[in-house]
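Structural characterization, general
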Amino acid sequence: MSMIKTPEQIALMREAGRVVANTLAAVRQAAGVGVTLRDLDALAAETIATAGATPAFLDYHPRWAAVPFPGVICTSVNDAVVHGIPDGYRLQDGDLLSVDCGAFLEGWCGDAAVSFIVGTPDPVDQALIDATDAALARGIEAARIGNKMGDLAYAIGGAARRAGYGLLADHGGHGIGRTMHAEPPVPNDGRPGRGIKLTEGLVIAIEPMLILGRKDDYYQDDDGWTLRSANGRRAAHSEHTVAITADGPLILTLP
Ligand code: MG
Ligand code: MG
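Presented here is a report on the structure given in the accompanying data block. The model shown is predicted, which means the values in this text are computed figures rather than measured ones.

1. What about the coordination of the magnesium ion (ligand 1)?
Angles at a metal have ideal values that depend on geometry: 109.5 degrees with four tetrahedral donors, 90 or 180 degrees with six octahedral donors. Protein-derived coordination of the magnesium ion (ligand 1) comes from Asp100 (OD), Asp100 (OD), Asp111 (OD) and Glu239 (OE), at a distance range of 2.0 to 2.6 Å. Binding-site remark: the magnesium ion (ligand 1) is held by donors from one chain whose sequence spacing is D-x10-D-x127-E. A distance of 3.2 Å spans the gap from the magnesium ion (ligand 1) to the magnesium ion (ligand 2), which Asp111 bridges by coordinating each metal. Remark: Glu239 occurs in the loop between β13 (235-237) and β14 (240-245) and Asp100 occurs in strand β4 (residues 96-105); sequence separation between them is 139 residues. Take Asp100: its relative accessible area is 8%, and that puts it in the buried class. Under the relative-accessibility criterion, Glu239 is labelled buried at 1%.

Here it is, written out as C-alpha coordinates:
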(Lines give C-alpha, C1' and ligand atoms only; values in the text may rest on other atoms or scores of the structure.)
(Ligands and ions follow the chains in the order given, each with its own letter.)
Protein backbone atom coordinates (compact mmCIF):
# COMPACT_ATOMS: atom_id res chain seq x y z
CA MET A 1 0.00 0.00 0.00
CA SER A 2 1.14 3.51 -0.71
CA MET A 3 2.89 5.35 2.08
CA ILE A 4 0.98 8.49 1.09
CA LYS A 5 -2.40 9.25 2.63
CA THR A 6 -5.11 11.57 1.33
CA PRO A 7 -6.44 14.37 3.55
CA GLU A 8 -9.57 12.25 4.08
CA GLN A 9 -7.49 9.30 5.24
CA ILE A 10 -5.45 11.56 7.54
CA ALA A 11 -8.71 12.82 9.04
CA LEU A 12 -9.65 9.21 9.84
CA MET A 13 -6.22 8.61 11.35
CA ARG A 14 -6.73 11.70 13.48
CA GLU A 15 -9.77 10.00 15.04
CA ALA A 16 -7.76 6.85 15.76
CA GLY A 17 -5.05 9.06 17.22
CA ARG A 18 -7.57 10.79 19.45
CA VAL A 19 -8.56 7.43 20.97
CA VAL A 20 -4.90 6.68 21.70
CA ALA A 21 -4.34 10.10 23.27
CA ASN A 22 -7.44 9.83 25.43
CA THR A 23 -6.37 6.35 26.56
CA LEU A 24 -2.89 7.57 27.51
CA ALA A 25 -4.43 10.48 29.43
CA ALA A 26 -6.72 8.13 31.37
CA VAL A 27 -3.85 5.78 32.18
CA ARG A 28 -1.62 8.63 33.31
CA GLN A 29 -4.38 9.98 35.53
CA ALA A 30 -4.83 6.56 37.17
CA ALA A 31 -1.14 5.70 37.55
CA GLY A 32 -0.76 6.36 41.27
CA VAL A 33 1.38 4.70 43.93
CA GLY A 34 0.08 1.18 44.66
CA VAL A 35 -1.75 0.78 41.37
CA THR A 36 -0.73 -2.32 39.39
CA LEU A 37 0.30 -2.27 35.76
CA ARG A 38 -2.48 -4.79 35.13
CA ASP A 39 -5.02 -2.28 36.53
CA LEU A 40 -3.75 0.29 34.01
CA ASP A 41 -3.99 -2.25 31.20
CA ALA A 42 -7.62 -2.99 32.11
CA LEU A 43 -8.39 0.73 32.10
CA ALA A 44 -6.79 1.10 28.67
CA ALA A 45 -8.79 -1.85 27.33
CA GLU A 46 -12.00 -0.30 28.62
CA THR A 47 -11.20 3.17 27.25
CA ILE A 48 -10.34 1.82 23.78
CA ALA A 49 -13.42 -0.42 23.65
CA THR A 50 -15.74 2.39 24.79
CA ALA A 51 -14.45 4.49 21.87
CA GLY A 52 -15.37 1.72 19.43
CA ALA A 53 -11.71 1.00 18.69
CA THR A 54 -9.52 -2.10 19.04
CA PRO A 55 -6.08 -2.36 20.66
CA ALA A 56 -3.15 -2.67 18.28
CA PHE A 57 -0.69 -4.30 20.67
CA LEU A 58 -2.78 -7.13 22.16
CA ASP A 59 -1.69 -10.44 20.56
CA TYR A 60 0.69 -8.56 18.25
CA HIS A 61 3.19 -11.20 17.17
CA PRO A 62 6.08 -10.01 15.02
CA ARG A 63 8.45 -12.63 13.66
CA TRP A 64 11.17 -11.80 16.19
CA ALA A 65 8.99 -12.28 19.26
CA ALA A 66 8.76 -15.67 20.96
CA VAL A 67 5.21 -15.04 22.19
CA PRO A 68 2.40 -12.63 21.19
CA PHE A 69 2.29 -9.42 23.23
CA PRO A 70 -0.10 -10.15 26.14
CA GLY A 71 -1.19 -6.59 26.97
CA VAL A 72 -3.23 -3.71 25.56
CA ILE A 73 -0.52 -1.18 26.46
CA CYS A 74 3.21 -1.42 27.02
CA THR A 75 4.17 -0.37 30.54
CA SER A 76 7.92 0.11 30.94
CA VAL A 77 9.12 0.92 34.46
CA ASN A 78 12.51 2.47 35.32
CA ASP A 79 15.28 0.52 33.50
CA ALA A 80 12.70 -0.91 31.07
CA VAL A 81 13.00 1.22 27.94
CA VAL A 82 10.10 -0.11 25.84
CA HIS A 83 7.80 -3.15 25.38
CA GLY A 84 7.19 -3.72 29.09
CA ILE A 85 4.38 -6.19 29.84
CA PRO A 86 1.59 -4.94 32.14
CA ASP A 87 1.76 -7.41 35.01
CA GLY A 88 1.01 -7.44 38.74
CA TYR A 89 3.79 -4.98 39.62
CA ARG A 90 2.57 -2.26 41.99
CA LEU A 91 3.82 1.22 41.15
CA GLN A 92 6.07 2.78 43.78
CA ASP A 93 6.74 6.39 44.66
CA GLY A 94 9.28 7.82 42.22
CA ASP A 95 8.91 5.15 39.52
CA LEU A 96 9.52 6.33 35.97
CA LEU A 97 6.70 4.86 33.89
CA SER A 98 6.56 4.84 30.09
CA VAL A 99 3.21 3.92 28.57
CA ASP A 100 2.89 3.06 24.88
CA CYS A 101 -0.53 2.65 23.27
CA GLY A 102 -1.75 1.72 19.81
CA ALA A 103 -5.33 1.43 18.59
CA PHE A 104 -7.27 0.86 15.38
CA LEU A 105 -10.41 2.81 14.56
CA GLU A 106 -12.23 2.06 11.30
CA GLY A 107 -9.13 0.30 10.02
CA TRP A 108 -6.68 3.10 10.74
CA CYS A 109 -3.99 3.00 13.41
CA GLY A 110 -2.73 5.53 15.94
CA ASP A 111 0.40 4.99 18.05
CA ALA A 112 1.76 7.18 20.86
CA ALA A 113 3.71 6.97 24.09
CA VAL A 114 4.29 9.10 27.15
CA SER A 115 6.69 8.93 30.10
CA PHE A 116 6.10 10.37 33.56
CA ILE A 117 6.99 9.97 37.22
CA VAL A 118 4.63 8.26 39.65
CA GLY A 119 4.43 10.23 42.87
CA THR A 120 7.51 12.26 43.84
CA PRO A 121 9.84 13.05 40.92
CA ASP A 122 13.61 12.79 41.15
CA PRO A 123 14.91 15.84 39.21
CA VAL A 124 17.37 13.62 37.32
CA ASP A 125 14.51 11.46 36.04
CA GLN A 126 12.36 14.48 35.23
CA ALA A 127 15.21 15.98 33.20
CA LEU A 128 15.47 12.73 31.23
CA ILE A 129 11.76 12.84 30.46
CA ASP A 130 11.95 16.51 29.48
CA ALA A 131 14.86 15.75 27.14
CA THR A 132 12.90 12.90 25.56
CA ASP A 133 9.90 15.16 25.01
CA ALA A 134 12.21 17.83 23.59
CA ALA A 135 13.80 15.33 21.18
CA LEU A 136 10.31 14.33 20.04
CA ALA A 137 9.40 17.99 19.53
CA ARG A 138 12.54 18.52 17.45
CA GLY A 139 11.69 15.49 15.33
CA ILE A 140 8.13 16.69 14.79
CA GLU A 141 9.37 20.15 13.87
CA ALA A 142 11.57 18.57 11.17
CA ALA A 143 8.66 16.55 9.70
CA ARG A 144 8.22 18.97 6.83
CA ILE A 145 7.95 18.81 3.06
CA GLY A 146 11.39 19.45 1.57
CA ASN A 147 13.30 17.85 4.43
CA LYS A 148 14.78 14.37 4.18
CA MET A 149 14.42 11.56 6.69
CA GLY A 150 18.04 12.12 7.72
CA ASP A 151 17.18 15.69 8.72
CA LEU A 152 14.39 14.42 10.97
CA ALA A 153 16.57 11.65 12.42
CA TYR A 154 19.41 14.08 13.06
CA ALA A 155 17.00 16.48 14.79
CA ILE A 156 16.06 13.73 17.28
CA GLY A 157 19.51 12.21 17.74
CA GLY A 158 21.32 15.52 17.93
CA ALA A 159 18.98 16.78 20.64
CA ALA A 160 19.45 13.60 22.69
CA ARG A 161 23.23 13.53 22.36
CA ARG A 162 23.69 17.23 23.07
CA ALA A 163 21.66 16.77 26.24
CA GLY A 164 24.01 13.93 27.24
CA TYR A 165 21.74 10.92 26.94
CA GLY A 166 22.00 7.56 25.20
CA LEU A 167 19.54 6.50 22.48
CA LEU A 168 18.23 2.95 22.50
CA ALA A 169 20.24 1.18 19.80
CA ASP A 170 18.53 -0.45 16.80
CA HIS A 171 15.13 1.10 17.52
CA GLY A 172 13.19 3.98 16.04
CA GLY A 173 9.89 5.07 14.60
CA HIS A 174 7.99 3.85 11.57
CA GLY A 175 5.44 4.58 8.91
CA ILE A 176 1.87 3.93 10.03
CA GLY A 177 -1.55 3.64 8.44
CA ARG A 178 -3.65 0.53 7.86
CA THR A 179 -0.96 -1.34 9.79
CA MET A 180 0.87 -0.17 12.91
CA HIS A 181 4.38 -0.77 11.56
CA ALA A 182 4.81 0.20 7.92
CA GLU A 183 7.39 1.75 5.64
CA PRO A 184 9.40 3.90 5.96
CA PRO A 185 11.66 3.39 9.00
CA VAL A 186 12.08 6.60 11.03
CA PRO A 187 15.51 6.37 12.68
CA ASN A 188 16.28 8.17 15.92
CA ASP A 189 19.64 9.33 14.63
CA GLY A 190 21.08 10.03 11.21
CA ARG A 191 22.84 12.42 8.91
CA PRO A 192 21.26 15.58 7.54
CA GLY A 193 20.47 15.51 3.83
CA ARG A 194 20.33 11.70 3.68
CA GLY A 195 17.41 9.32 3.20
CA ILE A 196 14.03 9.61 1.52
CA LYS A 197 12.33 12.93 0.87
CA LEU A 198 9.54 13.81 3.27
CA THR A 199 6.45 14.38 1.15
CA GLU A 200 2.90 15.54 1.67
CA GLY A 201 0.67 12.75 3.01
CA LEU A 202 3.42 10.71 4.63
CA VAL A 203 2.31 9.61 8.13
CA ILE A 204 4.94 8.45 10.60
CA ALA A 205 5.32 7.53 14.24
CA ILE A 206 8.22 9.48 15.75
CA GLU A 207 9.51 7.94 19.00
CA PRO A 208 12.77 8.85 20.75
CA MET A 209 13.88 6.38 23.45
CA LEU A 210 16.48 7.91 25.77
CA ILE A 211 18.62 6.28 28.45
CA LEU A 212 20.39 7.97 31.37
CA GLY A 213 24.09 8.12 30.67
CA ARG A 214 25.55 8.01 27.19
CA LYS A 215 25.23 4.27 26.61
CA ASP A 216 22.71 2.95 24.12
CA ASP A 217 22.90 -0.81 24.66
CA TYR A 218 20.13 -2.98 26.04
CA TYR A 219 19.08 -6.56 26.70
CA GLN A 220 15.82 -8.42 26.36
CA ASP A 221 14.13 -9.60 29.53
CA ASP A 222 13.29 -13.29 30.02
CA ASP A 223 9.63 -12.39 29.33
CA GLY A 224 10.53 -12.21 25.63
CA TRP A 225 9.46 -8.58 25.24
CA THR A 226 10.78 -6.04 27.74
CA LEU A 227 13.92 -4.21 26.60
CA ARG A 228 16.03 -3.03 29.54
CA SER A 229 19.00 -0.68 29.56
CA ALA A 230 22.26 -2.63 29.81
CA ASN A 231 23.58 -0.18 32.39
CA GLY A 232 20.49 -0.64 34.57
CA ARG A 233 19.75 3.07 34.47
CA ARG A 234 16.39 4.62 33.79
CA ALA A 235 14.94 5.29 30.35
CA ALA A 236 12.13 7.33 28.83
CA HIS A 237 10.06 7.04 25.66
CA SER A 238 7.81 9.62 23.97
CA GLU A 239 5.89 9.11 20.74
CA HIS A 240 3.39 10.80 18.48
CA THR A 241 1.84 9.83 15.16
CA VAL A 242 2.45 12.75 12.80
CA ALA A 243 1.20 13.58 9.29
CA ILE A 244 3.33 15.67 6.95
CA THR A 245 0.99 18.22 5.37
CA ALA A 246 1.22 21.32 3.19
CA ASP A 247 0.62 23.31 6.39
CA GLY A 248 3.46 21.58 8.26
CA PRO A 249 3.54 18.70 10.73
CA LEU A 250 0.13 17.66 12.07
CA ILE A 251 0.15 15.67 15.32
CA LEU A 252 -2.62 13.06 15.09
CA THR A 253 -2.30 11.64 18.63
CA LEU A 254 -3.63 14.58 20.62
CA PRO A 255 -6.84 14.47 22.73
MG1 MG B 1 4.12 3.11 20.24
MG1 MG C 1 5.51 3.16 17.40
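The rest of the description comes next.
2. As for helix α1 (residues 7-30)
For α1, built from 24 residues, the straight-helix expectation of 34 Å at 1.5 Å per residue is met to within 8% by its first-to-last C-alpha distance of 35 Å. Within α1 the residues assigned to the buried category are Ile10, Met13, Arg14, Ala16, Gly17, Val19, Val20, Ala21, Thr23, Leu24 and Val27.

3. Considering helix α4 (residues 149-162)
Compared with the 20 Å implied by 1.5 Å per residue over 14 residues, the 20 Å span of α4 between its first and last C-alpha is a close match. The element α4 is extensively covered by neighbouring structure, given that 10 of its 14 residues are classed as buried. Within the sequence span of α4, burial applies to Met149, Gly150, Leu152, Ala153, Ala155, Ile156, Gly157, Gly158, Ala159 and Ala160. Contacts made by the buried residues of α4 are with α3 (123-141), β6 (166-167), β8 (182-186), β9 (203-206) and β10 (209-211). Immediately beyond the C-terminal end of α4, within one or two residues, lies Gly164, with a positive phi of roughly 90 degrees.

4. Overview of the sheet that holds strand β3 (residues 80-82)
Here 3 strands make up an open sheet; going across it, the order is β3-β12-β11 and the pairing antiparallel. Single-partner strands in this sheet number two, and they are β3 and β11 (218-220). Direction aside, the axes of adjacent strands within the sheet are offset by 40 degrees on average. Here β3 runs beside strand β12 (residues 227-229); their pairing, made up of 2 bridges, is antiparallel.

5. Here's the deal with the coordination of the magnesium ion (ligand 2)
The magnesium ion (ligand 2) binds to the protein through Asp111 (OD), His174 (NE2), Glu207 (OE) and Glu239 (OE); the donor distances cover 2.1 to 2.2 Å. On the primary sequence, the residues serving as donors to the magnesium ion (ligand 2) are separated as D-x62-H-x32-E-x31-E.

About the cut-offs
Residues numbered from 1 in each chain as written. Chains lettered and ligands numbered in written order. Predicted model: local features only at pLDDT ≥ 70, side-chain atom pairs only at ≥ 80, totals over all residues. Heavy atoms only, no water. Donors = N, O, S within 2.8 Å, 3.2 Å for Na, K, Ca; no water. Helix = DSSP H or I, 4+ residues; strand = E, 2+ residues; numbered from the N terminus. Buried < 20%, exposed > 50% of the residue type's maximum accessible area, 1.4 Å probe, protein only. Expected span 1.5 Å × (residues − 1). Contact = heavy atoms within 4.5 Å. Pairing = 2+ DSSP bridges. Axes fitted to C-alpha atoms, helices over the stretch in contact; angles between N-to-C directions.

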